[in-house]
Amino acid sequence: MSDGARAEFLAGERPDDVALFLADSFVSEDSVADYGESVPDGTLLIVSGETGRSVFQKATGMEAMNFAKQAMGTEGEIADDLSAGECPDGSHDVKFVFAFAEEQNEDVGGLYAEGDVIHAYAYCECGTAFSDKWVAGER
């Protein structure tokens, strides 16, 4: 994966793809790094939605959209580069992040009327799942 793929994803230009951050402490296989970008404390992958959901389930044991629904119940802050976050329950490290971009939708209003929206969901080492969203390119 190139820096360009991450930049395109964060700009909302890859709505059919998903982003996955997997912390080094969470993934024991070095092979994950072969498919993604090495970032501080882990690996970031930008892959097609179907592939990403499959990789997510294999790595975490969770179904991606069920995890996202669980995480939506708690707001937190996820780094704009998707490789870290601030757990709302304290200073803990993020184990993984799952993110996707949703295209602008003026009919929905709010944040969605302002531009493409990045939806990010994180899981912390303490077991807290939390979410964050922002207009693509504005962080």
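Below, the structure is looked at part by part. Worth saying up front: this structure is predicted, and the values here are computed from it rather than measured.

## Here's the deal with the packing of aromatic side chains
Tallied over the entire structure, the rule returns eight aromatic pairs. Here F67 and Y123 contribute two aromatic rings whose centre-to-centre distance is 6.4 Å and whose plane-to-plane angle is 65°, an arrangement assigned as edge-to-face. A residue pair is termed long-range when its members are at least 10 positions apart, and F67 in helix α4 (residues 64-71) and Y123 in strand β7 (residues 117-124) qualify at 56 residues. Ring pairing ties together the aromatic residues F56, F67, F96, F98, F100, Y121 and Y123, which thus form one cluster. Across the ring face of W134, the terminal group of R139 is positioned such that the distance to the ring centre comes to 3.9 Å.

## Observations regarding the nonpolar core
Within the largest apolar cluster, 23 residues are counted, with the highest numbers of intra-cluster contacts made by F9, I78, L82, V97, A120 and F130. Leave out the neighbours within four places in its chain, and F9 touches R14, D17, V18, A19, I46, L82, A99, F100, A101 and I118. One finds L22, V27, A71 and F96 within the second-largest nonpolar core, a separate group that totals 17 residues.

## Some points on the state of the cysteines
Applying the stated rule across the entire model yields zero disulfides. Summary of cysteine pairing: C124 is not part of a disulfide, and the nearest cysteine sulfur, belonging to C87, is at 3.6 Å. Summary of cysteine pairing: C126 is not part of a disulfide, and the nearest cysteine sulfur, belonging to C87, is at 3.8 Å.

## Side note on the sheet that holds strand β3 (residues 42-48)
Taken together, the six strands give an open sheet; going across it, the order is β2-β3-β1-β6-β7-β8, and neighbouring strands pair in antiparallel fashion. Bordering the open sheet on either side are β2 (37-39) and β8 (129-135), each of which pairs with just one other strand. Neighbour to neighbour, the strand axes of the sheet diverge by 20° on average, direction disregarded. As paired strands, strand β6 (residues 94-102) and β7 are joined by eight bridges and run antiparallel to one another.

## A short note on the pattern of salt bridges
Overall, the coordinates contain five salt bridges when judged by the stated rule. Between R6 and E37 there is a salt bridge, and its shortest N-O distance comes to 2.5 Å. Residue R6 is located in helix α1 (residues 3-10), and its partner E37 is located in strand β2; the two are separated by 31 residues in the primary sequence. Exposure remark for E37: the relative accessible area of 10% places this residue in the buried category. With a closest N to O distance of 3.0 Å, D132 and R139 form a salt bridge. Residue D132 is classed as buried on the basis of its relative accessible area, which comes to 15%. The network of salt bridges with common partners includes R6, E37 and D81.

## Things to note about α4
Along α4, the positions that sit buried rather than exposed are A64, F67, A68 and A71. Around the axis of α4, the buried residues are gathered within 100° of arc, so they sit on the same side. Contacts from the buried residues of α4 go to α3 (49-60), β6, β7 and β8. The backbone nitrogen of M65 has a side-chain oxygen 3.1 Å away, supplied by the residue at the start of α4, namely E63.

## Considerations on the environment of D41
Within the secondary structure, D41 sits in the loop between β2 and β3. By relative accessible area, D41 is classed as exposed at 60%. Considering only alpha carbons, one finds D41 and S25, 16 residues apart in sequence, at a separation of 7.8 Å. If sequence neighbours within four positions are ignored, D41 has contacts with F21, L22, A23 and D24.

Each value, and the rule that gives it
Residues numbered from 1 in each chain as written. Predicted model: local features only at pLDDT ≥ 70, side-chain atom pairs only at ≥ 80, totals over all residues. Heavy atoms only, no water. Phe/Tyr/Trp six-rings, centres within 6.5 Å; stacked < 30°, edge-to-face > 60°. Helix = DSSP H or I, 4+ residues; strand = E, 2+ residues; numbered from the N terminus. Lys NZ or Arg CZ within 6 Å of the ring centre and 35° of its normal. Core = buried A, V, L, I, M, F, W, Y, C linked by side-chain atoms within 4.5 Å. Buried < 20%, exposed > 50% of the residue type's maximum accessible area, 1.4 Å probe, protein only. Contact = heavy atoms within 4.5 Å. Disulfide = S-S within 2.5 Å. Pairing = 2+ DSSP bridges. Axes fitted to C-alpha atoms, helices over the stretch in contact; angles between N-to-C directions. Salt bridge = Lys/Arg side-chain N within 4 Å of Asp/Glu carboxyl O. Arc of directions from axis to C-beta. Polar contact = N/O pair within 3.5 Å; in protein donor to acceptor, adjacent residues only side chain to side chain.

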